[in-house]
Structure formats: structure tokens, C-alpha cells
Amino acid sequence: MAVNRIGLLTSGGDAPGMNAAVRAVVRTAFVNGIEILGIRRGYNGLINGDVFEMEHKMVNGLTGRGGTILYTARSPEFNTEEGVKKAAKNCKYFGVDAIICIGGDGTFRGALDLAKHGIPAVGIPATIDNDIACTNYTLGFDTACNTAIEAIDKLRDTMQSHERCSLVEVMGRKAGHLAAYVGIAVGANVILVPERPYDFEKDVVQKMRRTRIHGHNHFIVIVAEGVAETEGGSQNIADKIAEETGVDARVTILGHIQRGGRPNARDRVTASRMGRHAVEILRDGKVNRVIGIQGGAMQDFDIDEALAMEKDLQETMYDTARILSLS
Ligand code: ATP
């Protein structure tokens, strides 16, 4: 299949590095004589025909910019058969031979639906959750970790001065990769993630008591968003900690700050490599793939298979956190 024109969109939650991937796609396509049609606001743009020709000059200086110049959105209409049909029809109308979509697993499910309607697709994994199984790394994760770490380092100073407990909620509804990484990096006393059940008395209260015996007078507890939700909110967890330990516990919810900011070196470089790879496999006739990076090498996987894979927290990561928090 010859690919002359590729549609490009970003979808789902934004992540630092999306723009660098957009730039890489546009530039690689230009070098290979392929046209790029930018699609605004994810699948919504495809349904509404909100598209524009992308020239390579439009992406100058984009590697270091956070967010996404294509805008992103969640499109309930695209979850319907009618919505997908409309999008596929528009692809044909605009002469789009294939789509490159940058986003998370929801975005790739959408891509699979499009593929079933005759529009081939390639997915580039971008989400600060790092929860795509076919890749060791998803765009945005490292920058998000560093943003959280910077904020928590500041919190630590004030918690230390007041001998308090700082409970920090980080993003991650179903995945605790961000919480685990950040927790290790800031030397958290407790890390709570959705993938691992925990016993409040044993894993939180007793742990804090033991830590106190070791001479600590301030505490950092990292809670992934998904755990906070099942506990009725982070404030509930903090209130329980204060009640059981007598330590003043304060909540900070980092929220969307974790998704913003200039992508760091890892995100810029990985996005550049993934963007290039996505265009080159389409040029070579490989379709319906998700790009991944494993052992530092670019790879690609069948979308169906990629979506069926599962990614658990690395046990060694969790163990490292446990050992280093002296429990
Ligand atoms: P993140 O996890 O970082 O937010 P994501 O890509 O998983 O990224 P979602 O909100 O799950 O984000 O999905 C983005 C969009 O992809 C949805 O708004 C919808 O347009 C499309 N989509 C998601 N799931 C499906 C599905 N099962 N079928 C068709 N389209 C889907």
C-alpha cells in the first residue's frame, strides 16, 4: 500500500513530548515526500473535518514545547459505530491513506476501530501514566516524574520544619508507575498504588511508627490518584493517619501540573525517535501498529496484540521502595 498522505492527531490526556512527536512525524514525512494533514482535537476533528495541511515550517522549535499544538480531546461520539463511520468517511474524503495517533490505550482502541473501517493506523504511546504494556516507556512519564519530584522536594522542607506528614497525591487512576518512581526518588516513607492491596494498620501506621523509632520526625506518603478515589479522597487518608499516629498530616494534590511543562531530554529524544519510526513503517507498508521502545530499541507491535498485553509494576521497584523506607 502506498502512503501519500497521513492524518496526524493527539488524543486523550496531554503529555510532555507530544509536540516533539508531532514535529518528528511532520519532518520525517516531508523528507519522504509524504503529506501530513493535521487533525485538531483528537477524533473529534476527524468526525467534524477539523483538519489542515501541515507544512514542515509549522513545527519549527516544537521539541521543547509542552502540551500539543493539535489540541486534544475526549470524543464520546467516536465511541459509537456511527462516529467511527463518519471519521472513516472523512479520511477517504480528505485522501488520508493512514492515521498516526499519539495518545494512550483509549486512543489506540479508537485506532483499531478506524482500522476495522479500512483506515490503517499507527499509534505513538504518550501518557504520563507509563501504562502501555508493549513499551518500556511512554512519552511524558519522565518529565511528569521530575515535575512531581521538584514539588515534593519543596514540600519536604516545610514538612521537616513543622515535623509533619505530607501526603502527596500523584496522577495514576489505574497505574502506579508514576507514584512508585516518584516515591523512590523522593525517599517516601509510604507509597500506595492501585496495583497492590495494602493494610492501613500494617503498611501505613506501623511503618510510620517504625520510621519514627529510627529518628524520623517528618513523613512523606505518596498516594496514586486511583487509591485516593477508592478511599473517598486523599483527605480521608490524611485524617486517618493523623488520628492513628498523632502526626499532623497535610494533603497536596499535584493534579494537572504533572502534565504540563517543557519536556525533558528523555521525552524530546524518545518522541523524536518514535515519530520518525511511525512514518517510516507506514512508508514501508507496515500498518496497524503501536510503537514501543524496549531495551533502548525502537519496535512496533500489532495494535490488537499491544492492547491485549498487560503491564504490572516492576516488583523490584516496589521492593526497592520498601527496603529503602526501612520496613
Ligand atoms: P490517557 O490515558 O493518557 O488519558 P487515552 O488515550 O487512554 O490517554 P482515553 O480518554 O481513554 O485516553 O481515550 C481517548 C479517546 O480515544 C476517547 O475520547 C475516544 O475518542 C477514543 N476511544 C477510547 N476508547 C475507545 C474505544 N473503545 N473505541 C473507540 N474509541 C475509543
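Rules of the game
Residues numbered from 1 in each chain as written. Predicted model: local features only at pLDDT ≥ 70, side-chain atom pairs only at ≥ 80, totals over all residues. Heavy atoms only, no water. Helix = DSSP H or I, 4+ residues; strand = E, 2+ residues; numbered from the N terminus. Rg over C-alpha atoms; globule rule 2.2 N^0.38 Å. Buried < 20%, exposed > 50% of the residue type's maximum accessible area, 1.4 Å probe, protein only. Contact = heavy atoms within 4.5 Å. Areas by Shrake-Rupley, 256 points an atom, 1.4 Å probe, with all protein chains shown as cover. Domains from an automatic or database assignment. Buried area = accessible area lost by both parts, 1.4 Å probe. Salt bridge = Lys/Arg side-chain N within 4 Å of Asp/Glu carboxyl O. Polar contact = N/O pair within 3.5 Å; in protein donor to acceptor, adjacent residues only side chain to side chain. Pairing = 2+ DSSP bridges. Near = heavy atom within 4 Å. Nonpolar A, V, L, I, M, F, W, Y, C, P; charged D, E, K, R; others polar. Axes fitted to C-alpha atoms, helices over the stretch in contact; angles between N-to-C directions.

Enquirer: Tell me about the overall build of the protein, residues and numbers included.
Expert: Looking only at helices and strands, the protein features 12 helices and 11 strands. Relative to its length of 327 residues, the protein is compact, with a C-alpha radius of gyration of 22 Å against a globular reference of 20 Å. Overall size of the protein, expressed as C-alpha extent along the three principal axes, is 70 × 40 × 30 Å. Burial status across the protein gives 54% buried among its 327 residues. Counted over contacts in the protein with a minimum sequence separation of 6, partners at least 24 positions apart contribute 74%. Accessible area for the protein stands at about 14300 Å²; split by element, carbon and sulfur atoms hold 48% of it.

Enquirer: Could you give an account of the domain arrangement of the protein, with specific residues and numbers?
Expert: Domain annotation for the protein reports domain 1 (5-140 + 263-308) and domain 2 (144-259). The straight-line distance from the C-alpha centre of domain 1 to that of domain 2 is 34 Å. Residue-level contacts link 10 residues of domain 1 with 9 residues of domain 2. Contact with domain 2 buries area across many residues of domain 1, yet Asp14, Ile128 and Asp129 alone supply 55% of it, more than any other trio. The interface formed by domain 1 and domain 2 includes 1 salt bridge. With its nearest N and O atoms 2.8 Å apart, the salt bridge here joins Arg259 to Asp14. Counting every contact that joins domain 1 to domain 2 gives 2 residue pairs in polar contact (both at pLDDT 80 or more).

Enquirer: Break down the pairing of strand β11 (residues 297-302) for me, citing the residues and quoting the values.
Expert: Relative to β11, strand β10 (residues 289-294) runs antiparallel, the two being bridged by 6 bridges. Following the sheet pairing, Val290 is matched in β11 by Phe301. Adjacent in sequence and paired antiparallel, β10 and β11 are bridged by 2 residues, among which Gly295 carries a positive phi angle near 55 degrees.

Enquirer: With reference to specific residues and values, describe the site of the ligand.
Expert: Around the ligand there are 16 residues in total, and Arg74, Ser75, Gly104, Thr107 and Asp113 lie nearest to it. Take Asp113: an N or O atom from its side chain is 2.9 Å from a nitrogen atom of the ligand. Burial of the ligand by the protein chains amounts to 79% of its free accessible area of 630 Å². With 6 residues, helix α4 (residues 105-116) is the largest single contributor of residues to the shell around the ligand. Class assignment of the residues belonging to the shell around the ligand gives a composition of 2 nonpolar, 10 polar and 4 charged.

Enquirer: With reference to specific residues and values, describe the sheet that holds strand β9 (residues 249-253).
Expert: With parallel pairing, 4 strands are arranged side by side in an open sheet as β7-β8-β6-β9. Either end of the sheet is taken by a strand with one partner, and the two such strands are β7 (190-192) and β9. Across the sheet, the mean angle from the axis of one strand to that of its neighbour is 15 degrees, orientation sign disregarded. As defined by bridge partners, strand β6 (residues 165-170) adjoins β9 across 5 bridges and the pair is classed as parallel. Across the sheet, Ser166 pairs through a bridge with Arg250, a residue of β9.

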